[in-house]
Amino acid sequence: MSKLTDLTIAGALEGLKNKDFSAVELTEAHIKAMDDAKALNAFITDTPEIARAQAAASDAKRTNGEVGLLEGIPIAVKDLFCTKGVQTTSASHILEGFVPEYESSVTANMFAQGAVMLGKANMDQFAMGSANTTSYFGNVISPIKRDDGADLTPGGSSGGSTAAVAANISMGALGSDTGGSIRQPASFCGIVGMKPTYGRCSRWGMVAFASSLDQAGTLARTVEDNAIMLQAIAGYDAKDSTSANHAVPDWSNSFKGDIKGMKIGIPKEYIVDGMPEEIKKLWEQGAAWLKDAGAKIVDISLPHTKYALPTYYIIAPAEASSNLARYDGVRYGHRAAEFEDLTEMYEKTRAEGFGDEVKRRIMIGTYVLSAGYYDAYYIKAQRVRRKIYDDFTQAFTQCDAILTPTAPSAAFAIGENEDDPIKMYLNDVFTVPASLAGIPGISVPAGLDSQGLPLGLQVLGKPWDEETVFKVGHAIENASGLKRGA
Amino acid sequence: MSPQSPILKGITNMSMDKNTVKRVAHLSRIAVSDAQIEEIMPRLNKIMGFIEQLSEVDTENVEPLANVANIKLKMREDVVNDGGYPAEILKNAPEETQGFFGVPNVVE
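Below is a short write-up of the structure.

Rules of the game
Residues numbered from 1 in each chain as written. Chains lettered and ligands numbered in written order. Predicted model: local features only at pLDDT ≥ 70, side-chain atom pairs only at ≥ 80, totals over all residues. Heavy atoms only, no water. Helix = DSSP H or I, 4+ residues; strand = E, 2+ residues; numbered from the N terminus. Buried < 20%, exposed > 50% of the residue type's maximum accessible area, 1.4 Å probe, protein only. Contact = heavy atoms within 4.5 Å. Areas by Shrake-Rupley, 256 points an atom, 1.4 Å probe, with all protein chains shown as cover. Salt bridge = Lys/Arg side-chain N within 4 Å of Asp/Glu carboxyl O. Phe/Tyr/Trp six-rings, centres within 6.5 Å; stacked < 30°, edge-to-face > 60°. Pairing = 2+ DSSP bridges. Axes fitted to C-alpha atoms, helices over the stretch in contact; angles between N-to-C directions. Core = buried A, V, L, I, M, F, W, Y, C linked by side-chain atoms within 4.5 Å. Parallel < 35°, antiparallel > 145°, perpendicular 65-115°, else oblique. Left-handed = near helix turned anticlockwise from the far one by under 90°. Nonpolar A, V, L, I, M, F, W, Y, C, P; charged D, E, K, R; others polar. Buried area = accessible area lost by both parts, 1.4 Å probe. Polar contact = N/O pair within 3.5 Å; in protein donor to acceptor, adjacent residues only side chain to side chain.

Turning our attention to the overall build of chain B. Looking only at helices and strands, one finds three helices and two strands in chain B. Going residue by residue from the N terminus, the α and β elements of chain B occur as α-α-α-β-β. Expressed as a percentage of the 108 residues in chain B, the buried residues total 32%. For chain B, long-range pairs separated by at least 24 residues make up 45% of all intrachain contacts whose partners lie at least 6 apart in sequence. Put simply, chain B shows about 7400 Å² of open surface, and 51% of that area lies on carbon and sulfur atoms.

What follows is the structure, encoded as structure tokens:
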């Protein structure tokens, strides 16, 4: 038998069922892997004691014949999901030491299905970033190495979650995706990441960045493992007013369905100037694989694609500036030590508590929402967002799913792209449109670049049709020969 | 991606001047020094220049899209359904006085 940490979630569930090993043994192997890989800085808070207790409880449950979807499976949790009794920081100084008195809905769902929490994963501060270089708790180092030995970024903002899964520290991880924060790191680290339809997972208890875009999702090494995890965390929640009252399908079985006769759209606007040749080739390869699996490839048009990023960089900062107004040094989190009056307390607390990127986005958001600019920027962006949404609605009259590259490059070295905010933002050029439209998307490893670094392909689906996204993703996984573990 | 990319077109050196940055920082309740303003300003202006390109999109008669979920927000009965545990609420407070959040004097 292979090492316990090399198993997929599906493989581990089988092993647990057959009593090849216990949840406690599986968890101990992962705690050791977590301790051995401290240099990656993938976690802000380790929770080995909680993991051991949950694993023991899971073994007891299993003896009684109670088996959840993630029974006994060690998982990393992005540090923006509130976890009762465990520090939750969103990788910020302003929330350092914040210990929630309540549990987020998705972690509660995950625990109800038997999952074991290894720790709270590092991330970009308040999920703002694409390289995991904005965390107050330091950069996350990718477990993937480049020939020149430079430390690479795992991508972001779910960088710690992704690094943990890619390094076989955890079998899966919870992430969140506002503009690509699950899909882009999955592509950089050679794993599978799934952002479901907006409204599929409850946002209750998730530290808010941009509420009309934020969506919880999953990271794991295979499509099947993502399907199992998403099934475990999704579902209606009365505590989130934008949570949708749709039944959760049985993705853990339906993901393997074939794609014969499906129409796969290739949007011509995603062929951007300066796109590396190897990414273009990989995209063509992906289309060929899907064709071989029985799908029909159709050309589609998403005319407003190039306006997605500027639209996002109005809407997301605007919502962030409102959401982050709550960090005022009064009810929780950091408070400045010295101040003359209340206003100075707010200003110093926030100056000390937020990192530079967070401050920039709050300021941009405040500006575009301020008197005289609200219509010109914010309402304008919401109108363009409608056009982007309509583009997808129109495209889905001609196809069942859309295939694109996940990111415009492979992982870069830590420190690169830091001189110009726009250069960093361009990482999300292919992921942001789907976020604005609220549709589901998956990134699946599809190839390697000339330096041997992973590249992912993205599959987008109609709202609420995660099933098709999983199926098409699975077809790519089958064809690529890059599936990790068993 | 090359700087000639069509996505980067429309980046002009437009203007949030020093006073505007100062005003926005104050509206955001973030203390910034004059030196920091000099540092922040060019980055903010780059971002503002980037988002400026939306002006070329014709949005005449287009309804703003605020919520993609197409969900009608539900009403619930107007009753107290939570609460009654001040100790838990105050547990993370930087300052607490007699069961309330403590703040500096605001009324002399």
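Now, onward.
Evaluation of the coordinates by the stated rule reveals 26 salt bridges over all chains. With its nearest N and O atoms 3.7 Å apart, the salt bridge here joins Glu101(A) to Lys91(B). One end of the pair, Glu101(A), is in the loop between β2 (74-78) and α4 (105-112); the other, Lys91(B), is in the loop between α3 (86-90) and β1 (96-97), on a second chain. Judged by relative accessible area, which is 59%, Lys91(B) ranks as exposed. The partner of Asp151(A) in a salt bridge is Lys145(A), with the nearest N and O atoms 3.6 Å apart. On the basis of relative accessibility, which here comes to 38%, the residue Asp151(A) falls in the partly exposed class. Residue Lys145(A) is classed as partly exposed on the basis of its relative accessible area of 45%. The network of salt bridges with shared partners includes Glu28(A), Glu49(A) and Arg52(A).

Residue and element names in this part refer to chain A. Enumeration according to the criterion identifies 17 aromatic pairs over all chains in this entry. Taken together, a centroid distance of 5.9 Å and an interplanar angle of 70 degrees make the contact between Phe126 and Phe354 edge-to-face. Here Phe354 lies in the loop between α11 (342-353) and α12 (356-369) and Phe126 lies in the loop between β3 (116-121) and α5 (159-166), a separation of 228 residues in the sequence. Classification of Phe126 as buried rests on a relative accessible area of 1%.

Residue and element names in this part refer to chain A. Overall, mixed pairing links the 11 strands, which are arranged β1-β3-β2-β4-β6-β5-β10-β11-β9-β7-β8 in an open sheet. Two strands close off the open sheet at either side, each with one partner strand: β1 (43-46) and β8 (296-300). Averaged over all neighbouring strand pairs, the angle between strand axes comes to 30 degrees, with direction disregarded. As paired elements, β2 and β3 share five bridges and run parallel to each other. Directly across from Val77, in β3, lies its bridge partner Lys120. Here helix α16 (residues 466-480) sits on the sheet in contact with β5 (192-195), β7 (263-267), β9 (401-405), β10 (441-448) and β11 (454-461), set at roughly 10 degrees to β10.

Let us now look at the nonpolar core. Membership of the largest hydrophobic core comes to 182 residues, with the highest contact counts inside it found for Ile73(A), Phe126(A), Phe392(A) and Leu403(A). Not counting residues within four places of it along the chain, the set of residues in contact with Ile73(A) comprises Ile9(A), Ala12(A), Leu13(A), Leu16(A), Leu26(A), Gly114(A), Ala115(A), Val116(A) and Met171(A).

A separate point is the packing of α12(A) against helix α2 (residues 34-51) of chain B. Taken N-terminus to C-terminus, the directions of α12(A) and α2(B) make an angle of 55 degrees; their axes are 11 Å apart at the nearest point. Taken together, the axes of α12(A) and α2(B) lie oblique to each other. Of the two elements, α12(A) crosses α2(B), and the hand of that crossing is right-handed. Note on element contacts: α2(B) touches α12(A) through Ile40(B), Arg43(B), Leu44(B), Ile47(B), Met48(B) and Ile51(B), opposite Arg360(A), Met363(A), Ile364(A), Tyr367(A) and Val368(A). Its residues placed into classes, the contact of α12(A) with α2(B) shows nine nonpolar, no polar and two charged.

Taken together, the 72 residues of chain A in the interface contact 59 residues of chain B. Buried area between chain A and chain B, summed over both chains or domains, comes out near 6000 Å², and the portion from carbon and sulfur atoms is 69%. In this structure, the connection of chain A to chain B is made through four salt bridges. Seen at the junction of chain A and chain B, the total is 21 residue pairs in polar contact (both at pLDDT 80 or more). If you list the elements that add at least two residues to the side of chain A that touches chain B, you get α10 (308-323), α11, α12, α13 (374-395), α14 (421-425) and α15 (432-437) of chain A. The dominant element in the side of chain A that touches chain B, judged by the number of residues it contributes, is α13(A), at 11 residues.

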